[in-house]
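Residues per chain, in single letters:
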Amino acid sequence: MEKTATLNLRVNPIAKQRAENVLKQLGIPTSTAIDMYLNQIALVGGIPFPITLPKAPLSADADRMTDAEVVEKLSRGIEDTDAGRTRRAADAFREHRSRRAERKMK
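One numbering rule holds for all chains: residues counted from 1, following each sequence as written. In view of the model being predicted, local features appear only for residues whose pLDDT reaches at least 70, and side-chain atom pairs are presented and counted only at 80 or more, with totals across whole chains, interfaces and linings using the full set of residues. Hydrogens and waters are ignored; side-chain quantities use all the structure's heavy atoms.

Re the overall build of the chain
We apply this condition: Numbering of helices and strands runs from the N terminus, with a helix taken as a DSSP run of H or I at least four residues long and a strand as a DSSP run of E at least two residues long. For this measure, only C-alpha atoms enter the radius of gyration; the expected value for a globule follows 2.2 Å times N^0.38, where N is the number of residues.
Scanning the chain for helices and strands turns up four helices and zero strands. If you list the helices and strands of the chain from N to C, you get α-α-α-α. Its C-alpha atoms give the chain a radius of gyration of 21 Å, more than 25% over the compact-globule value 13 Å for 106 residues. With the principal axes as the frame, the chain shows a C-alpha extent of 65 × 40 × 25 Å.

Written out as structure tokens, the structure is:
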């Protein structure tokens, strides 16, 4: 089908760039991906993927915290850093993956 319609959209530039990076790896032009998305909406009669709330606990969701709660959490983090109660992210992720693997084996 001939492409003759034009869409002028304002989108988050970071989200656009991240999506374009993935699409480039797949060899799909952005316009084709948008065409695919619009076709899927028409085919399924709505958004073609589930829309859900994030699984993050409320205590980690800054969008749901008051300013005072955010400041308190940041202050606690600074205190932990100053007191040496931190560890390398790579070590924390390695431990997390190890615990997940152990749980799957049970």
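Thoughts on the confidence of the model for the chain
Fine structural detail should not be taken from predicted coordinates in areas where pLDDT scores are low. Stated precisely, the cut-off is as follows: Confidence of the prediction at every residue is given by pLDDT, a number between 0 and 100.
On average, residues of the chain score 90 in pLDDT, and 99% of them are at 70 or above. Across the chain, the element-wise mean pLDDT spans from 90 in helix 4 (residues 89-105) up to 96 in helix 2 (residues 30-44).

Remarks on the layout of surface pockets
Let me state the cut-off plainly: In this analysis a 1.4 Å probe is tested at points of a 1 Å grid over the protein atoms alone, and where it fits but cannot get out there is a cavity; an open set with protein on both sides within 12 Å along at least five of seven lines is a pocket; lining residues have an atom within 4 Å of a point. Grid points are joined across faces, edges and corners, and a volume is the space filled by probe spheres set on the points. Only Asp, Glu, Lys and Arg are considered charged, only Ala, Val, Leu, Ile, Met, Phe, Trp, Tyr, Cys and Pro nonpolar, and every remaining residue, Gly among them, polar.
Roughly 420 Å³ of volume is contained in the largest pocket. Together, M1, E2, K3, T4, A5, T6, L7, S31, I34, D35, L38 and N39 line the largest pocket. Partitioned by chemical class, the residues of the lining of the largest pocket number five nonpolar, four polar and three charged. Estimated volume of the second largest pocket: approximately 200 Å³. The wall of the second largest pocket is formed by L9, V11, A15, K16, A19, E20, L23, T30, A33 and I34. Contributing elements (two or more residues each) for the lining of the second largest pocket: helix 1 (13-26) and helix 2. Here the element with the most residues in the lining of the second largest pocket is helix 1; it accounts for five residues. Classifying every residue of the lining of the second largest pocket gives seven nonpolar, one polar and two charged.

Structural notes on helix 1
Stated precisely, the cut-off is as follows: One less than the number of residues in a helix, times 1.5 Å, gives the span that helix is expected to have. Pairing of N or O atoms within 3.5 Å defines a polar contact, subject to two protein rules: one partner must be a possible hydrogen donor and the other a possible acceptor, and residues neighboring in sequence count only if both atoms are side-chain atoms.
Across its 14 residues, helix 1 extends 20 Å between first and last C-alpha, which sits within 8% of the 20 Å expected from 1.5 Å per residue. Measuring from the side-chain oxygen of the N-cap residue of helix 1 to the backbone nitrogen of I14 gives 2.7 Å; that N-cap residue is N12. Backbone geometry just downstream of helix 1 places G27 in the positive-phi region, at approximately 75°.

Looking at the environment of L38
To be explicit about the condition: Here's how the labels work: a residue is buried when its accessible area is under 20% of the maximum for its type, exposed when over 50%, partly exposed in between, all with a 1.4 Å probe on protein chains only.
Relative to the helices and strands, L38 resides in helix 2. On the basis of relative accessible area, L38 is assigned to the partly exposed category, the value being 43%. C-alpha separation for the pair L38 and P48, spaced 10 residues apart in sequence, amounts to 9.3 Å.

Description of a positive patch on the surface
Applied cut-off: Residues qualify for a patch when their relative accessible area is over 30% and they have no salt bridge, like charges being joined within 9 Å and the nonpolar side chains of Val, Leu, Ile, Met, Phe, Trp and Tyr within 5 Å. Where accessible areas are quoted, they stem from the Shrake-Rupley method and a 1.4 Å probe; at the residue level, only the protein chains shown are allowed to cover. The working definition used for a salt bridge is a side-chain nitrogen of Lys or Arg within 4 Å of a carboxyl oxygen of Asp or Glu. His is not counted, nor are the chain ends; Lys and Arg add positive charge and Asp and Glu add negative charge. Throughout, a charge is located at the NZ atom of Lys, the CZ atom of Arg, the CG atom of Asp or the CD atom of Glu.
Residues R100, R103, K104 and K106 make up a contiguous surface patch of positive charge. Here K106 shows up in the segment after helix 4. According to the relative accessible area criterion, K106 is exposed, its value standing at 83%.

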